[in-house]
Structures are given as structure tokens and as C-alpha cells.
Amino acid sequence: MILFLIIAYAIAIAPPFMTQGPFQETSSTEWFDQRLDHSDPANTVFWKQRYHIYDEYFAGNAVIVYICGEWTCDGIGAGSFTFVLAKQFKALVLVLEHRFYGRSQPFGSDSWLSQNLKYLSVHQALDDIAYFIYSIKKQQKHGVNAKIPWIAVGGSYPGALSAWFRFKYPHLTVGNLASSAVVNTILDFPQFDDQMRISTAKSGASCNANLQAMNALVDQQLNDAAKNLAFKTQFRGEKLTDDEFRFFFVDTIVQMVQSGKRAQLCTDLSNLSTIQQVEYVRKLALSQGDSYQQYGSYYLKNTTVDFNIQHRQWYYQCCTEVAYFQTSPQTKDTLRSNKLDINFYKKWCNDAYKTGTVDVWPRTDLTEAYWGGLSLNVDHLIMNNGEEDPWKRASITVDSGKNSKVLIQEIKCDGCSHCIDLKVPSDSDSQNLKLARQNTISYLQQWINEHWAKQ
């Protein structure tokens, strides 16, 4: 029995453990001849897409393909759940890098030019996966044959890809796992901030009060013409507009909650004055290198390809297709500036990407009409979400009556955040998290067994 298991992870929304390593050393790296435009049969242009190979657990029983998301994909995080699956299924692991990210640049040094980014879309990414499967089977590479069942697994944006892949190509997989899958491409997304408030409130009302006080102090500094530039310069944000800086500041906080460090953040802030709290965030922001550049339209205009940068590509996807614009709820409970409304994002997208007379703006109504949004309902699909993850508001966490075919698990525990089930398992993990992982393995095994029973 041989299985092909596709694993996809995730932005700005990608958790650090996916993008920063340490990565498990790969057995080898190869390049795949990928089609440029799957929607045009007359287009015969091909380009080189990078993928990695892990064969530590391979014993002829399974093959795992891990599809990377919006980052430079140098491998899979050492010890992560992917390798639990590989060991369980005695699997070969193949790791496919997403088009336009890392070293998988379809046009080489010209890849980030505006006229070329039109080939960066959800549909093209999904078709990449399908063509990769088809070609591996046809060529019988890495010991794979035509009878191999495939399973797609993804986290965050590639979690959505995993779910959508099941919708678009149900004949190519026997089942998919979509962890923290942002399948609802929300244009105006104040629900994100609302979930941030609920999650941080688990550490007490004072945590939310501290976050609001910091944002108020930031507004004071930005509104004071005599202090504005010097304040932003302390964060290396002098080229950001005031509202871009507000986005940068609050997103630095978001990353803590999203990555499961809500308790640490709230505890660290609890004994500090508001000025000291802002300094805490400043140090945190500076520790992230040049991350401030992803918030500035000045930087997003840069078309020079850098294998270690994903901001121009990812926000192009947001501004043209998937959105996820985190806006203020415009209430007294907001944890971000009220200036971060949908009009800010409209200006930001066009400042960064508009080259002609037509505005750059995503048609999320069309995206939802095609994929189904929160009404997505396909069989053999597992959707896992962490209780504290603000991105779960763009995912499916309960059966609304429209998702009867989807197996849904909301994992409830302290620190259960973005893609929590895909992280490195630990004996100290909560029982709910352990159960969710075991259920995931059981479902996948069931679908594998059902496949082979029909052979």
C-alpha cells in the first residue's frame, strides 16, 4: 500500500514555526517543469518550480507532498506534525514551493513586475498542485505509481488551498486536512479584531485595556507634528504613512497572539507603564528585522526579486483576490486605531500596485461565489482551528447547517492558536490538542484504507 499525502502550510498570516525553521535537513532538492498558465492550453511556457524530498520514513507505504505557502520554502519544521504523519504512514515526503515565492520565480528576476504578477492567483496555485500530481504519477518518479491515493493537508492560506483543492479536484485526493484554513475571503474583516479582544481577555480585562492604551499613545505621537517623524524612526518606520505605521504597530501585537503567546504578551505588559509597553512593542518589532517593510506601500512597489521577501507577492494576492483586510470594529472595544478602516486598505492597495487607470481591488464576492466561503461543503475534508486564533473567524469552526460533509474540530485550550495542530507535538500539550491530532490521523487512515479496499 502506497499513499501520497499533500501537506500545505501558511503572511503575514503564516506562523513563524512554518517560515523561520529550524528546518529538517532534506535528502535532496529538485526542480519541476511547471506550466505557466494552466487556464490557456495554447500557452506552452514552462518554468522551474522547486521541491524538496524527505525519505527518512519511506518504506513503500506512503508519500507526503507538503505544499508551502507565501514564504521562501527551504523545508519543513523539524519534528512538526508532518513528520508524525510521515512516520505513521511510512511516507516519502515531497515539499512543493508556491509559485512566485522563494526560488520558485516563473520569470526569474522579472517575476515581480506588475504585468507578470497576473499569473499569481489561487487558481494557478491549485492547478500547480494538480499538474505536479499528474506529472509525478505519469513519470513514476520517487517510486510513485498511478494507484497511490493522495491526501492534501494545509495550514493557514495553504489550508484554504487544501480545502479548495478538495473542492476543485476531488478525484485527485482521498481526503484533505485544512488547518486554520482561511476559506472565507472577507473583504472588511473587523471580526479578526473582535476575536483578538476575546482571546486576550482570557488574561483578564487589564490586557485589553493595556492594548487600547498603547494604541491611544501611538495616535498621540503620530498626531503631534513635532514628534511624528522621530517616533516612527525609532521603529525604522519613517517611510511608512501614519496609517501604515498604525497597521505595523498593531500587527506586531497580533503576531504574538496568533503564534500562541497571548499569555506571555499580557503578562509582560501587566507591570509596565503605557510608555514602557510601547517600548516593549518597539523592541519586539525591531527583533523581526525588516518586517516593517511589508506595511509600507513605498516598499511594496519594489519589483527587485529577493528570495527572502514575500510581502510584495502576498499583498498582491490580498489586494487582487483574497483580501482579509483587518479593519477596526469602530467601537469602544477596538484594539486597533479606528483609522484602519476599509478606505485605508483601498488607498494602500492602489498606492502599492496600481499602474494604470483601473483601481486595484479584490472581488471577494466572486471568490466566495466560486469556492463557497463559509458554505463550503465537501466530503473527506477535516478543518481544525485553535480556540484563540483570530484567523478562525475566516474559517469554519461549527457546522452552520451548510457544512454537514466537513469534519470540524475547534481545539480548545490555553494558547491554542494558528495552526496549533501542525506544530511540534509535546507531552505537555493539552488533552484536547492530542485528541484532535489523533482524530486527524484516524480519519486519514480510514480514507486510506477505504481507497485500498477498492483496489
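Residues numbered from 1 in each chain as written. Predicted model: local features only at pLDDT ≥ 70, side-chain atom pairs only at ≥ 80, totals over all residues. Heavy atoms only, no water.

How do you make sense of the packing of helix 12 (residues 311-322) against helix 13 (residues 342-353) when you look at a structure like this?
Helices that pack against each other are described as a pair by the angle of their axes relative to one another and the distance between those axes. Following both chains from N to C, one finds helix 12 and helix 13 inclined at 130°, their axes separated by 11 Å at the closest point. Viewed along their axes, helix 12 and helix 13 adopt a mutual orientation that is oblique. As for the relative orientation of helix 12 and helix 13, their crossing is left-handed in sense. Facing His 311, Arg 312, Tyr 315, Tyr 316 and Cys 319 of helix 12, the residues of helix 13 in contact are Trp 348, Cys 349, Ala 352 and Tyr 353. Residue composition of the contact of helix 12 with helix 13, grouped by class: seven nonpolar, one polar and one charged. (Axes fitted to C-alpha atoms, helices over the stretch in contact; angles between N-to-C directions. Helix = DSSP H or I, 4+ residues; strand = E, 2+ residues; numbered from the N terminus. Parallel < 35°, antiparallel > 145°, perpendicular 65-115°, else oblique. Left-handed = near helix turned anticlockwise from the far one by under 90°. Contact = heavy atoms within 4.5 Å. Nonpolar A, V, L, I, M, F, W, Y, C, P; charged D, E, K, R; others polar.)

Would you mind showing me how to read the pattern of salt bridges here?
Side-chain pairs of opposite charge can arise whenever the charged atoms involved come near each other. Taken as a whole and assessed by the stated rule, the structure comprises 26 salt bridges. Among the ionic pairs, Arg 393 bridges to Asp 194, the shortest N-O distance being 3.0 Å. Of this pair, Arg 393 sits in the loop between strand 8 (381-386) and strand 9 (406-411) while Asp 194 is found in helix 5 (residues 190-200), placing the two residues 199 residues apart along the sequence. Judged by relative accessible area, which is 25%, Asp 194 ranks as partly exposed. Measuring nitrogen to oxygen at the nearest pair gives 3.0 Å for the salt bridge that ties Asp 290 to Arg 236. Of the two residues, Asp 290 sits in the loop between helix 10 (274-286) and helix 11 (297-300) while Arg 236 sits in the loop between helix 7 (228-234) and helix 8 (242-258), which places them 54 residues apart along the sequence. A relative accessible area of 39% places Asp 290 in the partly exposed class. For Arg 236, a relative accessible area of 35% translates into the label partly exposed. Beyond isolated ion pairs, a larger network of salt bridges with shared partners links Lys 202, Arg 262, Glu 387, Glu 388 and Asp 414. (Salt bridge = Lys/Arg side-chain N within 4 Å of Asp/Glu carboxyl O. Buried < 20%, exposed > 50% of the residue type's maximum accessible area, 1.4 Å probe, protein only.)

Teacher, can you tell me more about empty space enclosed by the protein here?
A probe matching the size of a water molecule, rolled over the atoms, marks out where space remains unfilled. What the second largest cavity holds in volume is close to 50 Å³. The wall of the second largest cavity is formed by Gln 49, Ile 67, Cys 68, Leu 96, Glu 97, His 98, Arg 99, Ala 125, Asp 128, Ile 129 and Leu 161. A per-element tally of the lining of the second largest cavity places helix 3 (residues 122-139) first, with three residues. Class assignment for the residues of the lining of the second largest cavity results in six nonpolar, two polar and three charged. (1 Å grid on protein atoms, 1.4 Å probe; cavity = no way out; pocket = protein on both sides within 12 Å on 5 of 7 lines; lining within 4 Å. Points joined across faces, edges and corners; volume = space filled by probe spheres on them.)

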